[in-house]
Amino acid sequence: MNRTLRGEPGVSVVVPIVERYGDLRQLYHEFSAELTRLGQSSEFIFVVDDSQRGALPILRELQKESERISILQLSGSFGESAALMLGLERARGEKVMTLAAYFQVEPRGIGPALAALDDGVDLVAGRRFPRIDSFFNRVQSRLFHWFVRRLTSTDFHDISCGFKVMRRRVTRELHIYGGQHRFIPILAMNRGFTVREMDLPQRNEDRSTRFHGTGTYLGRLLDILTIFFLVRFTRTPLRFFGLLGLFLFLAGFATDLIVAIQKVVWNTEIADRPMLLLGVLLMVLGMQTLSLGLLGEMIIFTHARNVRDYRVAEVIRRVPPAPPLDIATEPAEPEASSRTAFQAS
Amino acid sequence: MDVSIVIPLYNEEESVEALYAEVTAAAESLDREYELILVDDGSRDATRPKVRALCARDPRVKGVFFRRNYGQTAAIQAGFDHARGRVVITLDGDLQNDPRDFGLLLQHIDEGYDVVCGWRKDRKDSFSRRLPSIIANRLIGALTGTPIHDNGCTLKAYRGDIVRRARLYAEMHRFLAPMMSLSGARYKEVVVNHRARQFGQSKYGFSRIWKVFLDLLTIKMLLSFTTRPAAWFGLLSVPFLVGTMLALAISVYRHLTILPYMPYSLVFPSITVLFAFAFAHLIILGVFAELVVKVGDFKQTDTILAVVDGPGGMQS
């Protein structure tokens, strides 16, 4: 309606070009053709990392063909999460789609994904399935996702797939940084959004075996841990660190107690025993863990006013001074944010 | 607005209608202006549409809907955030509390109490459910010095201005009353009616004593540490200072007395260093914590609920 009048597209497609890119021209043509076929107006936002400047000439040319393309050229290398965030911020469509800069999935998967959004799902995460990858790719992906599932108690199989479709209210609440772009579905779920994983046919171009350096794998492991803490313990750091610290402290204490008893009963020479040192070390470590947890808890506690424990989907209330007593219903799906929670009535 | 009634609901599709009828009847008989705030804590059953229907039918009903299940504390906090009444009453959504007790609660608030707690003296639950609750209450009483019999009873009345300043933390709704009384709020316990559960299952178990204990400890610790961070971290570091001194003394003693031909052990000097390190660490953390508190918006009065007396106190 008035949305189209204002020239807002139905679907914004964000393509971060950070690590590598494939045939962008074909990517654009196939996906925009599919969107047009589905009757969706669209805009494409290409976010180009400084390291991938080679993509710019191609994009410029594409831009001449269509005015629905915007290019965001970053002044440096800030990583995929940053690129994605910048792209998402510029997206004007009510539905936002993210794509990898190379073919991962067949465009024909868009239709069902968009349809799911209309069914009340907030975010659809693509899963390349059935996979036609090399064996090695599948194994590393399996292992990675097994870890993720265990640590976050979610049920995703392919969160590294760049294809995601979400409502804009999801993007408004996401604040990702570092390597968190992979975990968008998990973070969204944690915020109370409805998230669904959807099988999409994998593209042939996505088959090549990918060996990453050890650093990459280490980085991923750290990412998983970050998410684990973000999802589980950001509200109550003390519960985790406190218990861990207490355990360490008690272990150290017990060790030293045994050493002391041995000294008293059997008169074992205490000064030659590394056990004594180990006990002390554990106690110190335990205390440090505990106190850091406490500090974390204090940070949250003192900023409690800004940290909401809950997310409101909707508030129904009547209009404040109400001679004609009618009901003001917020729109069915308002900008569900803490702002709604505070509407002064 | 005189009275706000806050009810957290989680999968209560069977009881919502009956609850509404009972609460409305009880509230109307009070002859005061009131609002009913129903907080749907991410129910998966038909609670939400039913609450929506009630909102449409009765303008005094206000619905707050969570995106997902966040727990009773969050639900009550949300209710507090939306309550505008001079008095705020909370009660359970499962019909086990009796809305006819409203009058009794309000009467005591009018007498000048800040918090009035319901006490399910004659509790209609199984013993296996009552026992952990008894232990937990004893524990809370011992730690806060406020011997309230039944902290788990949701049926409570609060003075509105106090509630609006409260920030429920973790599972804090259970010991909100003791925390308030710690800061000088006048509380009163009244025996309220308790009825057996008519519909569904109990959802908010009270059997996790260790959790209550940990939460309580956390909050007590937080309150002390946030009020005087450097001092408390300093206190925490004292044992390590003592340890450093002791280990140092032993090292020196051994150094002086050891026979020249014996191999010299580094165990005690190492312990000295470790303890000194921990001591320094805690002192530095204390300074850092001081900084954190300064940067944060923590005000002791806000969190611990200072009670305002005299004109203006009751009117907000």
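Residues numbered from 1 in each chain as written. Chains lettered and ligands numbered in written order. Predicted model: local features only at pLDDT ≥ 70, side-chain atom pairs only at ≥ 80, totals over all residues. Heavy atoms only, no water.

Engineer: Account for the overall build of chain B, with residues named and values stated.
Structural biologist: On a plain count of helices and strands, chain B comes out with 11 helices and seven strands. Counting every position in chain B, which comprises 316 residues, the buried fraction comes to 53%. For chain B, long-range pairs separated by at least 24 residues make up 84% of all intrachain contacts whose partners lie at least 6 apart in sequence. Accessible surface, chain B: about 13600 Å² in total, of which carbon and sulfur atoms supply 62%. (Helix = DSSP H or I, 4+ residues; strand = E, 2+ residues; numbered from the N terminus. Buried < 20%, exposed > 50% of the residue type's maximum accessible area, 1.4 Å probe, protein only. Contact = heavy atoms within 4.5 Å. Areas by Shrake-Rupley, 256 points an atom, 1.4 Å probe, with all protein chains shown as cover.)

Engineer: Outline the packing of aromatic side chains, supporting the account with residue identities and numerical values.
Structural biologist: Considering all chains together, one arrives at 11 aromatic pairs over all chains under this definition. With a centroid separation of 6.1 Å and 20° between ring planes, the pair formed by Phe31 of chain A and Phe103 of chain A is classed as stacked. Of the two residues, Phe31 of chain A is situated in helix H2 (residues 24-37) and Phe103 of chain A in the loop between strand S4 (95-98) and helix H5 (110-118); the sequence distance between them amounts to 72 residues. For the pair shown, Phe31 of chain A and Phe103 of chain A are each scored as buried. Ring centres of Phe66 of chain B and Tyr70 of chain B lie 5.6 Å apart, and the angle between their planes is 85°; on these two criteria the pair is classed as edge-to-face. (Phe/Tyr/Trp six-rings, centres within 6.5 Å; stacked < 30°, edge-to-face > 60°.)

Engineer: Can you explain the environment of Tyr158 of chain B? Please cite residues and give values.
Structural biologist: Residue and element names in this part refer to chain B. Looking at the element boundaries, Tyr158 is found in strand S6 (residues 156-159). Residues Tyr158 and Gly145 lie 13 residues apart in sequence; the distance between their C-alpha atoms is 20 Å. Every residue in contact with Tyr158, bar those within four places of it in the chain, is listed here: Phe80, Arg86, Val87, Val88, Thr90, Ile109, Asp114, Val115, Val163, Leu176 and Met180.

Engineer: Describe helix H4 (residues 79-90) of chain A, listing the residues and the values that go with them.
Structural biologist: Residues and elements named next belong to chain A. Relative to the 16 Å expected for 12 residues at 1.5 Å per residue, H4 spans 17 Å between its end C-alpha atoms, a close match to the ideal helical length. Here H4 has its buried residues at Ser81, Ala83, Leu84, Met85, Gly87 and Leu88. For H4, the elements touching its buried residues are strand S1 (11-17), strand S2 (42-48), strand S3 (69-73), S4, helix H7 (168-173) and helix H8 (184-190). (Expected span 1.5 Å × (residues − 1).)

Engineer: Describe the packing of helix H1 (residues 16-30) of chain B against helix H2 (residues 47-57) of chain B, and please don't skip the residues or the numbers.
Structural biologist: Residue and element names in this part refer to chain B. Running from N to C, H1 and H2 point in directions that differ by 35°, and their axes come no closer than 10 Å. Contacts from Val16, Glu17 and Tyr20 in H1 reach Thr47, Lys50, Val51, Leu54 and Arg57 in H2. Per-class residue counts for the contact of H1 with H2 are four nonpolar, one polar and three charged. (Axes fitted to C-alpha atoms, helices over the stretch in contact; angles between N-to-C directions. Nonpolar A, V, L, I, M, F, W, Y, C, P; charged D, E, K, R; others polar.)

Engineer: Tell me about the sheet that holds strand S5 (residues 123-128) of chain A, residues and numbers included.
Structural biologist: Residue and element names in this part refer to chain A. Taken in spatial order, the seven strands make up an open sheet running S3-S2-S1-S4-S6-S5-S7, and their pairing is mixed. Because the sheet does not close on itself, it has two edges, and the strands there are S3 and strand S7 (195-200). Along the sheet, successive strands turn relative to each other by an average axial angle of 20°, direction set aside. Inspection of the sheet shows S1 paired to S2 by seven bridges, in the parallel sense. Residue pairing for S2: Ile17 is matched across the bridge by Val48. (Pairing = 2+ DSSP bridges.)

Engineer: Can you lay out the pairing of strand S3 (residues 61-66) of chain B for me, pointing to particular residues and giving the numbers?
Structural biologist: Residues and elements named next belong to chain B. In terms of burial, S3 is largely enclosed, as six of its six residues are buried. The alternating pattern of S3 places Val61, Gly63 and Phe65 and Lys62, Val64 and Phe66 on opposite faces, both of which are buried. After leaving strand S2 (residues 34-40), the chain enters H2 and then returns to the sheet as S3, a path that is right-handed. (Right-handed = clockwise from strand over helix to strand, strands pointing away.)

Engineer: So what's going on with the side chain of Thr244 of chain B? Which residues, and what values?
Structural biologist: Relative to the elements of secondary structure, Thr244 of chain B occurs in helix H9 (residues 229-257). Not counting residues up to four positions away in its chain, the partners in contact with Thr244 of chain B are Thr272, Phe275 and Ala276 of chain B.

Engineer: Tell me about the domain arrangement of chain B, and name the residues and values.
Structural biologist: Structurally, chain B comprises domain 1 (3-225) and domain 2 (229-295). For domain 1 of chain B and domain 2 of chain B, the distance between their C-alpha centroids amounts to 48 Å. (Domains from an automatic or database assignment.)

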